[in-house]
Amino acid sequence: MIAGVVAGLAALFLSLVLRLALGVPLPVDFVSDRFLPFVPVGIFVPSLGVVGGPILAKMLAFYSSLLALPAIGLAAGRAYARLSRRRLAVPLVAGLLAWLAAVAVLWPALASNYHGLPPGDARLLSAASLLALVGIFVGVLVTARRDT
Amino acid sequence: MNRRDLVLRAAAGALVLGSGGLAEVLRRQSVFGYEGIEVLGPQVAPITPNKSFYVVTKNLIDPRVDRDRWRLRLGGLVDNPMTLDFGEVGSLPTIEQETTLECISNGVGAGLMSNAVWRGIPLRELIGEARPNAGARRVFLHAADGYTHSTTLEKALEPTTLLAFEMNGEPLPDRHGYPARLIVPGTYGEVSVKWIDRIELVDDDREGYYEKQGWQAQRVHTMSRIDVPKEGSRVTGAEVRGAAFAGDRGISRVEVSTNGGGRWSEAKIDYHASDLTWALWSFPWSPSRSGDHQLVVRATDGTGELQSTVEDDSVPDGASGLHRVRVRVEA
């Protein structure tokens, strides 16, 4: 279980480093930029009211996003632990598929960069960063779960 | 606990500490401390200081764009697509223009509205250089943070639509779009795209970030507001003051009622730099009786159209209705 949490924490740490050093949006930025525009204003504005206004909603999004990756790690760690034979191919393929799905779904949002990188370069950097997040997650999970 | 568990726990602790430290750095840069600050009340001045100027943003943490890395791309349906760096943009002839911006979510009597002097290049100069095709009819705007919005080519070509890079004599602050943003007078603030990095001329009706949600920001409603006295205050008679704004149509008249809208008297407009700015007004009031009073204000825009009395919230095209303030006059 702890292996998954550590994998999630490692991915979280990397995402924060990438945001500060290279302006790569946090996963929560990618997801909100991709989907919030499709929430009709008649639903969007009352929803903000339910959580106490836009600032509280953003605080909630920010802090809960910090917990999201360790939580995903916890779930992934449990699932991996249940595999009778912990073969390397399983998390590698799952990670690759997760990355491909993320790039496909988030594609329009990948062109943004908070340090002002041009859209084409920003998209490449975003995709590479997501791959790095998945890579460190899988790498730590597999390494930490390896029988000693 | 075996050695492996010990190492994992140590790693988890280190990562929690490290992530916590980085998250704290980001939290300090976040919009939590400044988004939604209202410019209201007795301290409202003709020009809003940069630090007080209202901010509404889609972001958790606003961009900090590296000016040396920044490029402005102008393309789409043009014969001469261009990519300009900041030095090239800054070397073009600039103008200074005082313009008020108001957020589309600004409610009746609220303070998501501010006024500043902007320096920049009329966007039509850049678009003219790019030579638009005959089919181009809209402009789609992109920002570094992924924000998008559109406006008409006609609006983009108005001489007052600016690509701005200075605000009140200083480089744009990060939170206001450094190194460059648009200023689109007559529309709500969401059209004045911050951190702009791409301008695309198009022949379709593609929608930007908030447009997809259903916001309609292309025309500011005429509004007026009472800043002094405050709702529920006890007064002995005083000056009533406030602000009025009508996008790019100017304000021709402000009227105040001290009896809930039964009788109207003209207020004095103390400050109104141009049709693009708010009007700050005052009205000397000597109540003839003590007790409860309802103050109401209404404005007429530069075309002679009276402010709407229909009460409507800001969704989807900006709030309307008259601002009313209840006060108690004491003998």
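Let's talk about the overall build of chain A
In terms of helices and strands, chain A carries six helices and zero strands. The secondary structure elements of chain A, listed N-terminal to C-terminal, are α-α-α-α-α-α. Taken across its 148 residues, chain A has 39% of its residues classed as buried. Here the contacts in chain A between residues at least 6 apart in sequence split such that 83% fall between residues at least 24 apart.

Section: the environment of B:Gly128
All names here are of chain B. In this structure, Gly-128 sits in helix H3 (residues 123–130). According to the C-beta neighbour criterion, Gly-128 is exposed, with 12 such atoms within 10 Å. Note: C-alpha distance between Gly-128 and Leu-157 (29 residues apart in sequence) is 8.6 Å.

Concerning the domain arrangement of chain B
Residues and elements named next belong to chain B. Split by domain assignment, chain B resolves into domain 1 (71–212) and domain 2 (223–329). For domain 1 and domain 2, the distance between their C-alpha centroids amounts to 31 Å. In this assembly, 17 residues from domain 1 lie in contact with 15 residues from domain 2. Listing elements by their share of the side of domain 1 that touches domain 2, those giving two or more residues are strand E3 (95–102) and strand E4 (113–122). Element by element, the count of residues in the side of domain 1 that touches domain 2 is highest for E3, at five residues. When grouped by side-chain class, the residues that make up the side of domain 1 that touches domain 2 number five nonpolar, 10 polar and two charged.

Overview of the confidence of the model for chain B
Should pLDDT be low for a region, the predicted coordinates there are not to be read in detail. Confidence along chain B averages 96 in pLDDT terms, with 100% of residues attaining 70 or more. What the predictor reports for the complex is a pTM of 0.95 with an ipTM of 0.94.

What to know about the sheet that holds strand E12 (residues 234–235) of chain B
Spatially, the five strands line up as an open sheet ordered E12-E19-E18-E14-E15 (chain B), and their pairing is mixed. Each edge of the open sheet is held by one strand with a lone partner, namely E12 and strand E15 (265–266) of chain B.

Let's talk about the interface of chain B and chain A
With 38 residues of chain B at the interface, the matching set in chain A holds 42 residues. Of all the secondary structure elements, the ones that give two or more residues to the side of chain B that touches chain A are helix H1 (3–29), strand E10 (196–202) and helix H5 (209–213) of chain B. Among the residues forming the side of chain B that touches chain A, the class breakdown is 20 nonpolar, seven polar and 11 charged.

Some remarks on the packing of helix H5 (residues 89–106) of chain A against helix H6 (residues 119–145) of chain A
Residue and element names in this part refer to chain A. H6 packs onto H5 with a crossing angle of 160 degrees between their chain directions and a minimal axis gap of 10 Å. Classified by the angle their axes make, H5 and H6 are roughly antiparallel. Note on packing geometry: the crossing formed by H5 with H6 is right-handed. Residues Pro-91, Leu-92, Gly-95, Ala-98, Trp-99, Ala-102 and Val-103 of H5 lie in contact with H6, whose contacting residues are Ala-127, Leu-130, Leu-131, Val-134, Phe-137, Val-138, Leu-141 and Val-142. Its residues assigned to classes, the contact of H5 with H6 shows 14 nonpolar, one polar and no charged.

Rules and cut-offs
Residues numbered from 1 in each chain as written. Chains lettered and ligands numbered in written order. Predicted model: local features only at pLDDT ≥ 70, side-chain atom pairs only at ≥ 80, totals over all residues. Helix = DSSP H or I, 4+ residues; strand = E, 2+ residues; numbered from the N terminus. Buried ≥ 20, exposed ≤ 12 C-beta atoms within 10 Å, placed from the backbone. Contact = placed C-beta atoms within 7 Å. Domains from an automatic or database assignment. Nonpolar A, V, L, I, M, F, W, Y, C, P; charged D, E, K, R; others polar. pLDDT = per-residue confidence, 0-100. Pairing = 2+ DSSP bridges. Axes fitted to C-alpha atoms, helices over the stretch in contact; angles between N-to-C directions. Parallel < 35°, antiparallel > 145°, perpendicular 65-115°, else oblique. Left-handed = near helix turned anticlockwise from the far one by under 90°.

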